[in-house]
Amino acid sequence: MDKIKTALLGCGNWSQNVIRNLLKLEEVELTYCVDIDEKKLEKLKGKAPYHTQLSIDYHFVLHNPEIEAVIIVSPINTHPQLIKECITNRKHILCQKPAFRTQDEIAKTCLFLVERGILDSSQLILMACHTFCYHPAIGEIKSNLLLNNLGNIQYYKSTRINLGLFNRDNNVCDDLLIHDASILCYLFPDDIIKYISATGSDNIKKGLIDTANITIKYWSGLFANIDISWVSAVKNRQVIIVGDKKTVVYDDTKDEHKVCYYDAGIDYNNDFLFSYRKGNMFSPRLGGTEAIENELRHFFQCIKEKKEPKTGLKHIEKVTRILEAANNSIKQNGTPIYNV
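Residues numbered from 1 in each chain as written. Predicted model: local features only at pLDDT ≥ 70, side-chain atom pairs only at ≥ 80, totals over all residues. Heavy atoms only, no water.

Visitor: Would you explain the pattern of salt bridges in this entry?
Guide: Between side chains of opposite charge, a pair can form as their charged atoms come close. Evaluation of the coordinates by the stated rule reveals 14 salt bridges. Between E29 and K5 there is a salt bridge, with the nearest N and O atoms lying 3.2 Å from each other. A residue pair is termed long-range when its members are at least 10 positions apart, and E29 in strand β2 (residues 28–34) and K5 in strand β1 (residues 4–9) qualify at 24 residues. Between R297 and E293 there is a salt bridge, with the nearest N and O atoms lying 2.9 Å from each other. Of the two residues, R297 and E293 are both situated in helix α8 (residues 291–305); the distance of 4 residues between them amounts to about one turn of the helix. Through salt bridges with shared partners, a single ionic network connects R20, K24, E290, E293 and R297. (Salt bridge = Lys/Arg side-chain N within 4 Å of Asp/Glu carboxyl O. Helix = DSSP H or I, 4+ residues; strand = E, 2+ residues; numbered from the N terminus.)

Visitor: In this structure, what is going on with the pairing of strand β7 (residues 153–163)? I would like to understand it.
Guide: If a strand is regular, its side chains alternate between the two faces of the sheet. Among the 11 residues of β7, 8 are classified as buried, and the element is accordingly described as predominantly covered. Pairing of β7 with strand β10 (residues 223–229) involves 7 bridges; the strand directions are parallel. When the bridges of β10 are listed, R160 appears paired with I228. (Buried < 20%, exposed > 50% of the residue type's maximum accessible area, 1.4 Å probe, protein only. Pairing = 2+ DSSP bridges.)

Visitor: What should I look at first to understand the sheet that holds strand β9 (residues 211–218) in this one?
Guide: Whether parallel or antiparallel, the strands of a sheet pair through hydrogen bonds between backbone atoms. Read across the open sheet, the 9 strands follow the order β14-β13-β12-β11-β7-β10-β9-β8-β15; overall the sheet is mixed. For this open sheet the edge positions go to β14 (273–282) and β15 (337–338), each flanked by a neighbour on one side alone. Judged from the 4 bridges that link them, strand β12 (residues 247–251) and strand β13 (residues 259–269) form a sheet pairing that is antiparallel. Paired with V248 across the strands is Y261, a residue of β13.

Visitor: How should the state of the cysteines be read in this particular structure?
Guide: The bond known as a disulfide is covalent and runs between the sulfur atoms of two cysteines. Scanning all chains against the criterion turns up 0 disulfides. Note on C185: no disulfide assigned, nearest cysteine sulfur contributed by C133 at a separation of 8.1 Å. According to the relative accessible area criterion, C185 is buried, its value standing at 10%. (Disulfide = S-S within 2.5 Å.)

Visitor: How do you make sense of helix α4 (residues 79–88) when you look at a structure like this?
Guide: The α-helix winds at 3.6 residues per turn, so residues separated by three or four positions along the chain end up facing the same way. Where burial is concerned, most of α4 is hidden: 7 out of the 10 residues are buried. Within α4, burial applies to H79, P80, L82, I83, E85, C86 and I87. Following α4 by one or two positions, R90 adopts a phi angle in the positive range, close to 60 degrees.

Visitor: When you look at the sheet that holds strand β4 (residues 69–72) in this model, what are you seeing that I'm missing?
Guide: The 6 strands lie next to each other as β3-β2-β1-β4-β5-β6, forming an open sheet whose pairing is parallel. For this open sheet the edge positions go to β3 (53–55) and β6 (126–129), each flanked by a neighbour on one side alone. Across this sheet, the average inter-strand angle for adjacent strands is 20 degrees, counted without regard to direction. Two elements, β2 and β3, share 3 bridges in a ladder whose sense is parallel. Paired with C33 across the strands is L54, a residue of β3. Where helix α1 (residues 13–22) meets the sheet, it contacts β1, β2, β4 and β5 (92–96), and its direction lies at approximately 160 degrees from that of β2. (Axes fitted to C-alpha atoms, helices over the stretch in contact; angles between N-to-C directions. Contact = heavy atoms within 4.5 Å.)

Visitor: Hey, could you run me through the environment of R20 in this one?
Guide: Counting through the fold element by element, R20 comes out in helix α1. Placed 14 residues apart in sequence, R20 and T6 show a C-alpha to C-alpha distance of 14 Å. Within polar-contact distance, the side chain of R20 engages the side chain of N17 at 3.2 Å. (Polar contact = N/O pair within 3.5 Å; in protein donor to acceptor, adjacent residues only side chain to side chain.)

Visitor: Please clarify how the side chain of T131 should be interpreted in this entry.
Guide: In this structure, T131 sits in the loop between β6 and α6 (136–146). Of the polar contacts made by the side chain of T131, one reaches the side chain of E295; its length is 3.2 Å. Setting aside its immediate chain neighbours within four residues, T131 contacts A291, I292 and E295.

Visitor: Looking at this structure, how should I read the side chain of K97?
Guide: Within the secondary structure, K97 is located in the loop between β5 and α5 (103–116). Judged by relative accessible area, K97 falls into the buried class, the value being 18%. At 2.7 Å, the side chain of K97 forms a polar contact with the backbone oxygen of D175. The contacts of K97, once residues within four sequence positions are left out, are I76, H79, C129, H130, D174, D175, I178 and H179.

Visitor: Can you help me understand the packing of α6 against helix α7 (residues 172–187) in this one?
Guide: Axes are the key here: two packed helices are described by the angle between their axes and the distance separating the axes. The contact between α6 and α7 brings their axes to 10 Å, and the two run at 30 degrees. Relative to α7, the crossing made by α6 is right-handed. Residue-level inspection shows I138, I141, K142 and L145 of α6 in contact with α7, the latter providing I183, Y186 and L187. Tallied by class, residues from the contact of α6 with α7 come to 6 nonpolar, no polar and 1 charged. (Left-handed = near helix turned anticlockwise from the far one by under 90°. Nonpolar A, V, L, I, M, F, W, Y, C, P; charged D, E, K, R; others polar.)

Read these as spatial facts, not as claims about activity.
Structure (structure tokens):
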């Protein structure tokens with residue numbers, strides 16, 4: 001079986017997770033690891049496969065006709081240009097989040113795709129690393145939503161707070177909001193956003209938003225509220241989805257019982273009478289495969305089968321609109337952004 005020769009662009013801390021999971025894929029050969037910082041390349045010695053070449057020259061690697069796929073794990077501000085160069089050299093692309101931060105960046109890249117005649121996903125795969133869309137917990141919740149086991153969804157509440165890794169190239173929305181934006185777009189792909197309102201604060205460094213609260217209101221009635229912060233001493237990674245039949249709680253900090261369903265809620269009739277349901281709790285057994293591995297397998301499967309990825313360009317566009325609207329609302333002190 002011919003292996004898909006792959007290059008990794010960017011060799012920071014996260015790249016080691018990518019390499020570890022790439023080694024599980026028999027159909028993939030990690031041919032190059034590339035970074036302009038030789039110290040980062042030095043740290044990969046003994047962790048990357050023995051046949052993997054280390055290079056500081058990404059232009060040379062991208063012009064290598066043997067390389068079919070590129071995984072971008074470089075700083076955020078380099079993503080649009082690297083994606084363009086990968087497209088120019090006809091490479092399939094898996095890019096860490098966020099691939100883009102504005103619709104304008106996407107428009108310029110899409111125009112570039114059209115000009116090259118390779119916008120069709122059967123010719124080129126462009127996929128974002130929205131890893132939670134490949135998490136067994138989110139997959140389990142998606143299955144129950146498709147079966148309507150939660151009923152009409154009323155409320156989505158997410159809390160992502162911790163002592164974060166500050167970065168000059170992004171803010172807390174670029175880092176954390178994008179997780180919930182991708183989850184919402186995956187779980188509720190047909191729901192249309194009415195408006196987004198967000199407020200934030202720069203507690204540590206002026207101009208760098210490190211804490212934010214985002215509200216997303218959908219025309220369907222779904223209400224989503226997301227708390228994110230880099231300045232919390234306590235780490236919390238919890239998503240609550242409330243339906244009129246059941247509520248599901250996903251807590252990613254737990255080793256067991258990450259997903260719990262509660263048969264509880266409130267019923268109301270027109271006589272102004274409220275009744276409360278307090279039923280059983282059920283926690284399903286989740287698959288043991290790591291989300292990053294699932295994500296990588298999906299990427300290479302899409303290359304082989306020439307199919308649109310779950311987190312391909314259409315999904316990227318939706319997520320980017322949410323991210324850009326939230327950042328713009330923060331700049332306008334919470335003013336709702338419509339036509340997202």
